[in-house]
Structures are given as C-alpha cells and as structure tokens.
Amino acid sequence: MNASEAAPPAGHGDDLPAVAPQLRALRRRSGLTLEAAARSAGLSPAHLSRLETGQRQPSLPMLLALARIYGTTVSELLGETVADRDAVVRAADMEPTHAGGWTYFQAGAPGRGMQALRVRVPYGTQGDIVRVHPGEEWLHVLKGRLRLRLGDSEHLLTPGDSAHFDSLTPHRLAAEDHDGVELLFVHTLLQSPTATLCLGPVTGELS
C-alpha cells in the first residue's frame with residue numbers, strides 16, 4: 001500500500017461529509033478522469049474513488065495535492081466559501097479544520113495563486129508520507145521542532161527557522177517532539193492550462 005493511502009487515525013470521521021461531495025465535482029470540472037487524477041496525486045484509482053464516496057478520509061497532504069491538481073484551494077474542497085476576497089484575515093475568523101491528524105487554519109484568501117495555512121502537526125502523524133508534486137512550498141516554524149527531509153538530506157528546524165523548496169523534491173514533514181509543531185505554510189497552486197504539462201494526458205471517460 002502506498003504510504004499516502006495509509007488508514008487515517010480515528011476520531012476525524014466528522015470531516016467526511018464536508019469533503020466527499022466536492023471531490024468528484026471538482027475533478028470533473030477539471031476534465032480529469034479518476035485514473036488521471038489518482039496518478040497525479042500518487043493514489044490508486046480505487047483509493048480516490050473511496051475518497052469521493054466518503055468511504056475514506058483524506059489527509060491534509062492529500063487535500064493539498066488534490067487542490068493543486070484541480071486548480072483550487074483546500075477551502076473549496078472542504079465546501080467552504082468566502083463572500084469577499086479580503087486582504088486581511090483576522091485570527092478570530094480562522095476556523096480550525098482537521099485532516100489526517102493535522103489541524104490547520106486558512107491564513108489567506110481563496111482563489112489566489114498561493115495558499116497560506118497555519119498548521120499544527122501532532123507528534124507521530126504522517127511522518128512516513130513522502131510528498132512529490134509540482135510547485136513550491138515555504139514554511140516557517142512558529143512553535144516546536146520540525147523534522148524536514150528533502151531528497152536525501154534531513155534537517156531539524158526550530159522556532160524562527162524557515163524552508164523554501166521546489167516541491168518536486170521528495171519531502172517529508174514530522175513533529176520532532178511529543179508536543180507537536182506549529183507552522184506557517186505557503187504553497188503554490190496549479191491554476192492555469194500549463195498544469196496539464198505536470199498531470200500528463202487525460203484519457204478515458206470521466207467517472
């Protein structure tokens with residue numbers, strides 16, 4: 001089984017109703033077959049199908065990958081809407097969302113070329129998941145210590161440290177300490193026709 005398809009931790013089943021109805025509609029809107037979308041996200045078609053029908057819960061890395069592939073944001077995947085694209089996001093307006101054991105807060109407006117998140121990563125969650133996808137990522141450690149693996153190198157980041165890297169480089173994120181780690185996290189989105197260069201040809205019928 002692919003590491004990214006590992007069963008999610010218990011206790012987050014309440015997230016499913018918000019996510020599942022959006023996934024198939026957004027994939028179809030993007031003109032991708034189940035097979036093409038699954039391949040681009042590093043999932044099996046069967047696993048993506050289970051996500052679309054609510055039989056499995058997506059982790060935050062899965063949501064980030066699917067958002068890039070579909071040219072949208074995690075907020076839209078979760079069915080969240082924002083009336084106005086305000087330049088300022090107030091702390092009081094940031095609602096927590098749980099996915100795959102992580103907690104994150106939208107720290108930016110939807111529909112932009114980048115997505116900003118404040119992320120809390122508990123100890124022992126998703127540390128074995130290797131991520132590879134088009135785009136760039138920037139992260140900044142606010143609290144705790146982060147174990148970051150980039151390709152063949154490994155780094156320990158402490159509060160105040162940052163990392164900025166090409167996300168085609170295989171990478172892993174894990175909290176080093178039992179108290180977890182809190183990050184600011186910014187990633188680019190695939191929102192133009194050139195995204196198909198990264199996704200490969202689309203074949204077959206949309207499921």
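Further up the page is the structure itself.
Here the structure is a predicted model, which is why all the values come from computation and not from measurement.

If you walk across this open sheet you meet the six strands as 1-2-3-9-4-7, and the pairing is antiparallel. Each having just a single partner strand, strand 1 (97–99) and strand 7 (162–166) make up the two edges of the open sheet. For this sheet, the mean angle separating the axes of adjacent strands, direction not counted, is 25°. Relative to strand 9 (residues 181–188), strand 4 (residues 136–143) is paired through six bridges, and the arrangement is antiparallel. Across the sheet, the residue bridging to H140 is L184, located in strand 9.

Buried within helix 3 (residues 45–52) are the following residues: H47, L48, L51 and E52. Buried residues in helix 3, looked at end-on, bunch into an arc of 140°, giving them a common side. Of the residues one or two after helix 3, G54 is the one with positive phi, at around 80°.

What follows covers the pairing of strand 6 (residues 153–157). Relative to strand 6, strand 5 (residues 146–150) runs antiparallel, the two being bridged by five bridges. Across the sheet, residue L148 finds its bridge partner in strand 6, namely H155. Connecting strand 5 to the next strand, strand 6, in antiparallel fashion are two residues, including G151 with a positive phi near 60°.

Of all eleven residues in helix 4 (residues 60–70), eleven are buried; the element is thus mostly enclosed. By the burial criterion, the buried members of helix 4 are L60, P61, M62, L63, L64, A65, L66, A67, R68, I69 and Y70. After helix 4 finishes, the residue G71 shows a positive phi value of roughly 65°.

Reading the values: the criteria
Residues numbered from 1 in each chain as written. Predicted model: local features only at pLDDT ≥ 70, side-chain atom pairs only at ≥ 80, totals over all residues. Heavy atoms only, no water. Pairing = 2+ DSSP bridges. Helix = DSSP H or I, 4+ residues; strand = E, 2+ residues; numbered from the N terminus. Axes fitted to C-alpha atoms, helices over the stretch in contact; angles between N-to-C directions. Buried < 20%, exposed > 50% of the residue type's maximum accessible area, 1.4 Å probe, protein only. Arc of directions from axis to C-beta.

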